[in-house]
Amino acid sequence: MTRRVVITGMGTLNSLGKNVAETWEALLAGKSGVGPITLFDASDLLVQIACEVKAFDPAAYMPAKTARRQDRFEQLALAAAGEAIEHSGLEINAANAGRVGVIVSSAVGGLGTIENGVHVLENEGPRKISPFFIPMFMPNGASGLLAIQMGAQGPSFSVASACASGADSIGQAWHLIRAGTIDACLAGASEATITRIGVSCFDRLGALSRRNEDFSGTPAPFDADRDGFVMAEGAGILVFEELEHAKARGAKIYGEILGYGTTADAGHITQPNAQGTGAARAMSCALRDGGLNPTDIDYIFFTHHHFDHDIDYPCFLLTRFDQSIGKENQLQVFGPTLTEMITQEADSVPKVVGMIKVLFNQRSEEHEARERAEEALAEMKKELDAVRQPPQLPAEV
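Residues numbered from 1 in each chain as written. Predicted model: local features only at pLDDT ≥ 70, side-chain atom pairs only at ≥ 80, totals over all residues. Heavy atoms only, no water.

**With respect to the overall build of the protein**
The secondary structure content of the protein amounts to 13 helices and 10 strands. Of all 397 residues assigned to the protein, the portion counted as buried reaches 52%. Once local pairs closer than 6 in sequence are excluded, the contacts in the protein between residues at least 24 apart make up 79%. Surface accessibility of the protein: about 18100 Å² in total, with carbon and sulfur atoms responsible for 53%. (Helix = DSSP H or I, 4+ residues; strand = E, 2+ residues; numbered from the N terminus. Buried < 20%, exposed > 50% of the residue type's maximum accessible area, 1.4 Å probe, protein only. Contact = heavy atoms within 4.5 Å. Areas by Shrake-Rupley, 256 points an atom, 1.4 Å probe, with all protein chains shown as cover.)

So this is what it looks like as structure tokens:
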């Protein structure tokens, strides 16, 4: 049985805002989410900037006792999920609880809890470790807590696929609803990796921007002078439903998932395939699932924060897609330029928050942010064409 899957609710907390509306207004205003690190003393680190969720008070979303028993990534997830459920109007009760799933992922889990727990063990001994340490650091902790809080008794788990975890959560929710296993699902990701160990490790990889004094233009993934991405935290959660289920309760529908594709380059541990063949295969899988042709696509949104600053990976990807659809197709590409690229680079979260932005942008009457991004991308492509010939790619992927 194949069923259609639609989006009926959205929720987010990120470096631009603590809900969907705030995030969208900040994007239109051209605000940056990058700023000095305030969650800990970073004065002795080479990287002192990040995209923090500003003035986040978990007590505004849950009792103080509950908040103390949760890692920050779990607190952010519960706050975003609350907005998504309220936004959708979905009611979970005894009659439908078994048909509602929760798939909220985290690439890392409770990194702050782990870091603090090690300090407590070394300095105060094992009896001082919190009895809630295990559920606070498990990557599936957010999914489990959400299922308990909302009474969702369908499948509840998380996906651990690094930066793709959020996108894969959405893909798994789509599969389960499409196959008839469940009727609705909360899916997305949450991350809170702005800790001393988190920032230090990513910087040691050579992945982070060190523009501590002038961070207004970073991250800049398509700039010749780019020096890395920016660590961030946040949560993005969506409510997915089977189409007829959503229509039967009069839900507002924001979009539909037609296809999903996922692949592995099976090459380098951090560097993507320079010719973009793995990503091209993933797009082909999504098109096939959706019963679409490349010429049906007129809009692409993608995130970009790989570790090799010398590879123009998006250029290869766009060239591959251009070869597939032909030059006659007027393809619009919306990537993490301008305000998009400075919202967050928080491991698993950007793909989910990116989907929220695309949905909001498509429905909004204001297109200023989109126009600016498209102009910047057009200029970027012109400059790239002027300095290099298109790469020679294999005929098949």
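Picking up after the structure, the text goes on.
**Observations concerning the sheet that holds strand 7 (residues 233-242)**
Spatially, the 6 strands line up as an open sheet ordered 5-4-6-7-1-8, and their pairing is mixed. A single partner strand is all that each edge strand has here, and the edge strands are strand 5 (156-157) and strand 8 (255-257). Strand direction decides the pairing type here: strand 1 (residues 5-13) and strand 7, joined by 8 bridges, are antiparallel. Among the inter-strand pairings, Ile7 is bridged to a residue of strand 7, identified as Phe240. (Pairing = 2+ DSSP bridges.)

**Quick word on helix 3 (residues 72-88)**
Along its 17 residues, helix 3 runs 24 Å from first to last C-alpha, staying within 8% of the 24 Å computed at 1.5 Å per residue. In terms of burial, helix 3 is a largely internal element, 12 of the 17 residues being buried. Where helix 3 begins, one side-chain oxygen reaches toward the backbone nitrogen of Phe73, 3.0 Å away; that side chain belongs to Asp71. Where helix 3 terminates, the next one or two residues include Gly89, which has phi positive at roughly 75°. (Expected span 1.5 Å × (residues − 1). Polar contact = N/O pair within 3.5 Å; in protein donor to acceptor, adjacent residues only side chain to side chain.)

**Describing the pattern of salt bridges**
Summed over all chains, the structure comprises 9 salt bridges. The partner of Arg99 in a salt bridge is Asp183, with the nearest N and O atoms 3.0 Å apart. In this pair, Arg99 is assigned in the loop between helix 3 and strand 4 (100-105) and Asp183 in the loop between helix 7 (165-178) and strand 6 (184-192), connecting sequence segments 84 residues apart. In this structure, a network of salt bridges that share partners links the residues Arg3, Arg99 and Asp183. (Salt bridge = Lys/Arg side-chain N within 4 Å of Asp/Glu carboxyl O.)

**Focus on the packing of helix 3 against helix 6 (residues 141-150)**
Remark: helix 3 packs on helix 6, axes separated minimally by 9 Å, with the N-to-C direction vectors making an angle of 45°. When the axis of helix 3 is compared with that of helix 6, the two are oblique. For the pair helix 3 and helix 6, the crossing hand works out as right-handed. Contact residues: helix 3 offers Phe73, Glu74, Ala77, Leu78, Ala81, Gly82 and Ile85, while helix 6 offers Gly141, Ala142, Leu145, Leu146, Gln149 and Met150. Classifying every residue of the contact of helix 3 with helix 6 gives 9 nonpolar, 3 polar and 1 charged. (Axes fitted to C-alpha atoms, helices over the stretch in contact; angles between N-to-C directions. Parallel < 35°, antiparallel > 145°, perpendicular 65-115°, else oblique. Left-handed = near helix turned anticlockwise from the far one by under 90°. Nonpolar A, V, L, I, M, F, W, Y, C, P; charged D, E, K, R; others polar.)

**Things to note about the nonpolar core**
Formed by 29 residues in total, the largest nonpolar core has its most connected members in Leu13, Leu76, Val104, Leu146, Leu186 and Ile237. The set of elements that each furnish at least two residues to this core consists of helix 3, strand 4, helix 6, strand 6 and strand 7. Per-element accounting of this core gives the leading share, 9 residues, to helix 3. The residues contacting Leu186, other than those within four sequence positions of it, are Ala81, Ile85, Gly101, Val102, Ile103, Val104, Met150, Ile237, Leu238 and Val239. Val20, Ile170, Leu176 and Tyr260 belong to the second largest nonpolar core, which has 21 residues in total. (Core = buried A, V, L, I, M, F, W, Y, C linked by side-chain atoms within 4.5 Å.)

**As for the packing of aromatic side chains**
All chains considered together, the criterion is met by 3 aromatic pairs. Where Phe133 meets Phe137, the ring centres are 5.2 Å apart and the plane angle is 50°; that geometry is what we call tilted. Here the residue Phe133 and the residue Phe137 both occupy positions in helix 5 (residues 133-137), the gap between them amounting to 4 residues, near one helical turn. For Phe137, a relative accessible area of 24% gives the class partly exposed. (Phe/Tyr/Trp six-rings, centres within 6.5 Å; stacked < 30°, edge-to-face > 60°.)

**Here we look at the confidence of the model for the protein**
Summing up the model confidence of the protein, the mean pLDDT is 83 and the portion of residues at 70 or higher is 76%. Mean pLDDT across the elements of the protein ranges from a minimum in strand 10 (residues 332-334), with 51, to a maximum in strand 5, with 98. The low-confidence segment residues 334-344, where pLDDT is below 50, has 58 contacts with residues more than four positions distant or belonging to other chains. Low pLDDT, under 50, characterises residues 387-397; the predicted model gives this stretch 18 contacts beyond four residues in sequence or across chains. (pLDDT = per-residue confidence, 0-100.)

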